[in-house]
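Chain residues, written in single-letter form:
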Amino acid sequence: MARDMLTIGAFARACRLSPKALRLYDELGLLRPARVDPETGYRYYAPAQLEQARLVAWLRRVGMPLARIREVGALPPEAVAREIRAYWAEVEAETAVRRDLAAFLVDRLTTTSREDTIMLRLRHSAHSDRGLVRPANQDTAYAGSRLLAVADGYGPDGGPASSTAVAALRRLEASELPAGNVLNLLEEAAREAAQGITEEAGTTLTALLWTGSRLALVHIGDSRAYLLRDGALFRITHDHTVVQSLIDEGRLTPEEAVSHPQRSLLLKSLSPDRAPAPDLRLQDAAAGDRYLLCSDGLSTVVPDARIREELGTAPDPDTAVRALIDAANAAGGPDNVSCVVADVVEAAA
């Protein structure tokens, strides 16, 4: 019988759980071995248990407590998916409260006089291009002294929808931002934008609002924000798409996602028939940082390695924007493409 089974070591390698974790899950009744040798106590697992073990590993990676995993593990797949969504909503709500408190404490503990503070500002450029296939441009790209934004509209009124979303944020650019409340203001602006969009349209929205030392991010959809810092490229947004959810669940690899037929299907966007739930966060800024905001007309046809190369070699934001749009069109230009690039630089006192 043991010949048809996997030893605990082989099973651990296959499901990416350590033997120590497997022994713990056995003791907790979370993942029992198929057979335990009565003489040696050695554990054996059936190949059919791999899927359950991988689910446990994924749930632990998202931070779900063991007691809750025990309850979830006995449910059918659709019920497990509902439990994961509910758990993650709880995590996001708790994280938002802790994030705001942490930001308040950092500001309180690091406040210095203006004379001792390095003043920073943004040097920026924005451009939107129709691409080589689409009959019209439904993107909106904007860069101002405090606001950077990209919106990608869809539907018959997609162009007005993206313009409405960016316009709602531009009102904040001229406003005095109350300390500790900027993320709430961004969320309210996104909600107002959704209410102003027609029933036959929707839009993504990715924007950064400069506060003087940090950038406040609001993001919904599959437009993206990247940070180039010390030569390394980081994506600071998470796509709200069906394909990204499959990647997160381990059902699809990033390489498979590139050619997936549903790669453009959105799970979240700004539209009048749904309440927007954008991602919100504060991003610390440092002199020398270079930020890129782009619609998926760039990210779906230009790989991250090429994006990093163009951002890293361009001498200024305008050159970077033009090079990235040229790269998207050279790759076929199948969609509208919009780019905003901004450098964080030291300002004169």
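Predicted model, so just to flag it, every value in this text is computed and none were measured.

On to the nonpolar core, then. In terms of nonpolar packing, the biggest core is built from 29 residues, with Leu 147, Leu 169, Leu 172, Leu 186, Leu 205, Leu 209 and Leu 270 touching the most fellow members. Counting residues per element, the ones that place at least two in this core are strand E6 (147–154), helix H6 (158–173), helix H7 (182–195), strand E8 (205–210) and strand E9 (214–220). With eight residues, H7 is the largest single contributor of residues to this core. Here Leu 169 is in contact with Leu 147, Leu 186, Ala 189, Leu 205, Ala 207 and Val 218, once residues within four sequence places are set aside. Core analysis: the next-biggest nonpolar cluster, separate from the first, contains 24 residues, Ala 12, Leu 22, Leu 50 and Ile 69 among them.

Strand order across the open sheet formed by three strands is E1-E3-E2, with antiparallel pairing between neighbours. Lying at the two open borders of the sheet, with one neighbouring strand each, are strand E1 (6–7) and strand E2 (35–36). In this sheet, strand E3 (residues 43–45) lies alongside E2 in antiparallel orientation, the contact comprising two bridges. Across the sheet, Arg 35 pairs through a bridge with Tyr 44, a residue of E3.

The final tally for this structure, using the stated rule, is 14 salt bridges. The partner of Arg 32 in a salt bridge is Asp 26, with the nearest N and O atoms 3.0 Å apart. A salt bridge links Arg 43 to Asp 26, with the nearest nitrogen and oxygen atoms 2.8 Å apart. One end of the pair, Arg 43, is in strand E3; the other, Asp 26, is in helix H2 (residues 19–27), and 17 residues separate them in sequence. Through salt bridges with shared partners, a single ionic network connects Asp 26, Arg 32 and Arg 43.

Here the chain averages 87 in pLDDT, and 91% of its residues register 70 or above. Taken as a whole, residues 112–116 scores under 50 in pLDDT and shows two contacts with residues more than four places along the chain or in a different chain.

Locating Thr 140 in the fold gives a position in strand E5 (residues 139–143). One polar contact links Thr 140 to Ser 162, side chain to side chain, over a distance of 2.7 Å. In terms of polar contacts, Thr 140 uses its side chain to reach the side chain of Ser 163, at 3.3 Å. With sequence-adjacent residues up to four places away left out, Thr 140 is seen in contact with Ala 149, Val 150, Ala 151, Gly 159, Ser 162, Ser 163 and Val 166.

Counted under the stated rule, the structure contains two aromatic pairs. Arranged with centres 4.4 Å apart and planes meeting at 10°, the rings of Phe 11 and Tyr 45 form a pair that is stacked. Of the two residues, Phe 11 is situated in helix H1 (residues 8–15) and Tyr 45 in strand E3; the sequence distance between them amounts to 34 residues. Relative to Tyr 44, the ring of Tyr 42 has its centre 5.6 Å away and its plane inclined at 65°; by these criteria the two rings are edge-to-face.

Conventions adopted
Residues numbered from 1 in each chain as written. Predicted model: local features only at pLDDT ≥ 70, side-chain atom pairs only at ≥ 80, totals over all residues. Heavy atoms only, no water. Core = buried A, V, L, I, M, F, W, Y, C linked by side-chain atoms within 4.5 Å. Buried < 20%, exposed > 50% of the residue type's maximum accessible area, 1.4 Å probe, protein only. Helix = DSSP H or I, 4+ residues; strand = E, 2+ residues; numbered from the N terminus. Contact = heavy atoms within 4.5 Å. Pairing = 2+ DSSP bridges. Salt bridge = Lys/Arg side-chain N within 4 Å of Asp/Glu carboxyl O. pLDDT = per-residue confidence, 0-100. Polar contact = N/O pair within 3.5 Å; in protein donor to acceptor, adjacent residues only side chain to side chain. Phe/Tyr/Trp six-rings, centres within 6.5 Å; stacked < 30°, edge-to-face > 60°.

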